[in-house]
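# Survey of secondary and tertiary structure
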Amino acid sequence: MNFENTLEFARTMDAQDPLRDFRDRFIFPESSAEHPVYFTGNSLGLQPKTAKTFILQELEDWGRLGVEGHFHAKRPWYSYHETLTNMVAKLVGAKPLEVCTSHSLTTNLHLLMASFYRPRGTRTKILCEAKAFPSDQYALESQLKIHGIPADHLVWVSPRAQEELIREEDIYERILDLGDELALVLWGGVNYYTGQFFDLKEITRIGHSVGAVVGFDLAHAAGNVALHLHEWGPDFAAWCGYKYLNSSPGGVSGFFVHERHAHSKDLPRLAGWWGHNKESRFSMAPGFDPIPGAEGWQLSNAPVLGMAAHLAALEIFEEATMDRISRKRDLLTAYLAFVVENCGTSSKENPLFEIITPQDPKKRGAQLSIKCLSAGKALFHALNQRGVVADWREPNVIRVAPTALYNGFEDCFWFGQYLSSSL
Ligand SMILES: *Cc1c(COP(=O)(O)O)cnc(C)c1O
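Criteria and cut-off values
Residues numbered from 1 in each chain as written. Predicted model: local features only at pLDDT ≥ 70, side-chain atom pairs only at ≥ 80, totals over all residues. Heavy atoms only, no water. Axes fitted to C-alpha atoms, helices over the stretch in contact; angles between N-to-C directions. Helix = DSSP H or I, 4+ residues; strand = E, 2+ residues; numbered from the N terminus. Parallel < 35°, antiparallel > 145°, perpendicular 65-115°, else oblique. Left-handed = near helix turned anticlockwise from the far one by under 90°. Contact = heavy atoms within 4.5 Å. Nonpolar A, V, L, I, M, F, W, Y, C, P; charged D, E, K, R; others polar. 1 Å grid on protein atoms, 1.4 Å probe; cavity = no way out; pocket = protein on both sides within 12 Å on 5 of 7 lines; lining within 4 Å. Points joined across faces, edges and corners; volume = space filled by probe spheres on them. Domains from an automatic or database assignment. Near = heavy atom within 4 Å. Polar contact = N/O pair within 3.5 Å; in protein donor to acceptor, adjacent residues only side chain to side chain. Areas by Shrake-Rupley, 256 points an atom, 1.4 Å probe, with all protein chains shown as cover. Buried area = accessible area lost by both parts, 1.4 Å probe. Salt bridge = Lys/Arg side-chain N within 4 Å of Asp/Glu carboxyl O.

It is at 10 Å that the axes of helix H4 (residues 82-92) and helix H10 (residues 304-320) come closest, and there the two elements cross at 45 degrees. With respect to H10, the axis of H4 lies oblique. Along this stretch, H4 crosses H10, giving a crossing that reads as left-handed. Judged by residue contacts, Thr83, Leu84, Met87, Val88, Lys90 and Leu91 of H4 engage Met307, His310, Leu311, Leu314, Glu315, Phe317 and Glu318 from H10. Considering only residue class, the contact of H4 with H10 consists of 8 nonpolar, 2 polar and 3 charged.

Right, let's get into empty space enclosed by the protein. Tallying each qualifying case throughout the model produces 1 cavity of 30 Å³ or more. There is about 90 Å³ of room inside the largest cavity. What lines the largest cavity is a set of 13 residues, among which Gly223, Tyr244, Ile325, Thr403 and Ala404 lie closest to the centre. Two domains share the lining of the largest cavity, each providing at least three of its residues, namely domain 1 (7-47 + 322-422) and domain 2 (80-318).

On to the site of the ligand, then. Taken together, Leu105, Thr106, Phe133, Asp136, Asp217, Ala219, His220, Tyr242 and Lys243 make up the full set of residues adjacent to the ligand. At 2.7 Å from a nitrogen atom of the ligand is found a side-chain nitrogen or oxygen belonging to aspartate 136. Out of a free accessible area of 390 Å², the ligand has 83% covered by protein chains. In the shell around the ligand, the residues fall into 4 nonpolar, 2 polar and 3 charged.

With that settled, consider the domain arrangement of the protein chain. Splitting the protein chain by domain gives domain 1 (7-47 + 322-422) and domain 2 (80-318). Put simply, the middle of domain 1 and the middle of domain 2, counted by C-alpha atoms, are 29 Å apart. At the interface, 33 residues of domain 1 touch 25 residues of domain 2. Looking only at domain 1, the three residues that lose the most surface to domain 2 are Met322, Ile356 and Lys363, adding up to 24% of its buried area. At the junction of domain 1 with domain 2, the criterion picks out 2 salt bridges. Across the contact surface, domain 1 and domain 2 share 13 residue pairs in polar contact (both at pLDDT 80 or more). Of all elements in the fold, only helix H11 (322-341), strand S12 (368-372) and strand S15 (397-400) reach the threshold of two or more residues within the side of domain 1 that touches domain 2. Residue composition of the side of domain 1 that touches domain 2, grouped by class: 14 nonpolar, 10 polar and 9 charged.

Listed below in structure tokens is the structure:
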């Protein structure tokens, strides 16, 4: 498609966008700017207008029913998480048995690693991406410590010298090199810094070929890119609800355990009563009997208020579908890249910016990470003042994520205008 860096072109594209009405389902932050641009759906998604209704329902039921709400609320709290399961399964390409929602992301990573990082003999190492999100780094370091494994058994795959992205062949080579020393591959689906989306099917295949367990952190992938977890076959995965999934700050996290482990009752795990057989849960007898599937990793009863926000957001995804979101995302992100590359006096010969995110739409989601080649943080502040909500990463990267559900081509156009005038 031939893009044009004009308001008219952007408006024409918005008018043809099948998802354009979804923008109205969200509440945009207050701003004094004429054309504010919210590009941080990769960090905190916007509030669905329906979230309040869903949360108020639970507050009302709590007020009206007290403890009876566990069974007599409009959506009984006892099984509230089950109302999310089918929609979540669809969103990540899993069977309902394979997914569950509760706790927070880092908590879930730990719970899953308690079962799936089982160092034995010489098979002790963990492979992960360099520049993984800090919480993941701390989680992995502490997992090694808990098992008494030296810190250097955490192995990183980095971009090559002078490069920003990790070459996928380097990941595969590293996995094959480590071979039977490799216990776990724990990889981020979409890297939070560069926006690189990895071939999760191939990482799984190669990880499994050397006998390692494969798990994914999908914080920047869920709701952003189409996932096919059951088919790709990782052992486990987890993601958070508050980024692309728009499900409230610190909101509940989803997790996946592949069907092949659904009935492995003997897998060691950190257990809690909500993971116990529903038939006998309230007999409160000793002896943990896990529910088959992902639900067997739940510790605690459902945090209903957070789940209510998640339910509101999931219904929007259900209606929009990941198929349509993906189609719009590729077009919108490509347009934003075009606008950035044609901004101000920037040109191919004399670029002011370098987009470090992969150009290939199959290798990225919505996010673009824009490296400022001549400007510094002052540029970012100037953008902010013009009403752009984006994210700055030291030393010189601006991260922007036009999300398909509530951003449009006009947002991209204004971003380009503000970028030019801020230079
Ligand atoms: C956002 C993010 C987290 C945050 O973890 P919480 O437990 O939700 O605070 C962890 N890992 C990655 C990769 C993230 O992008």
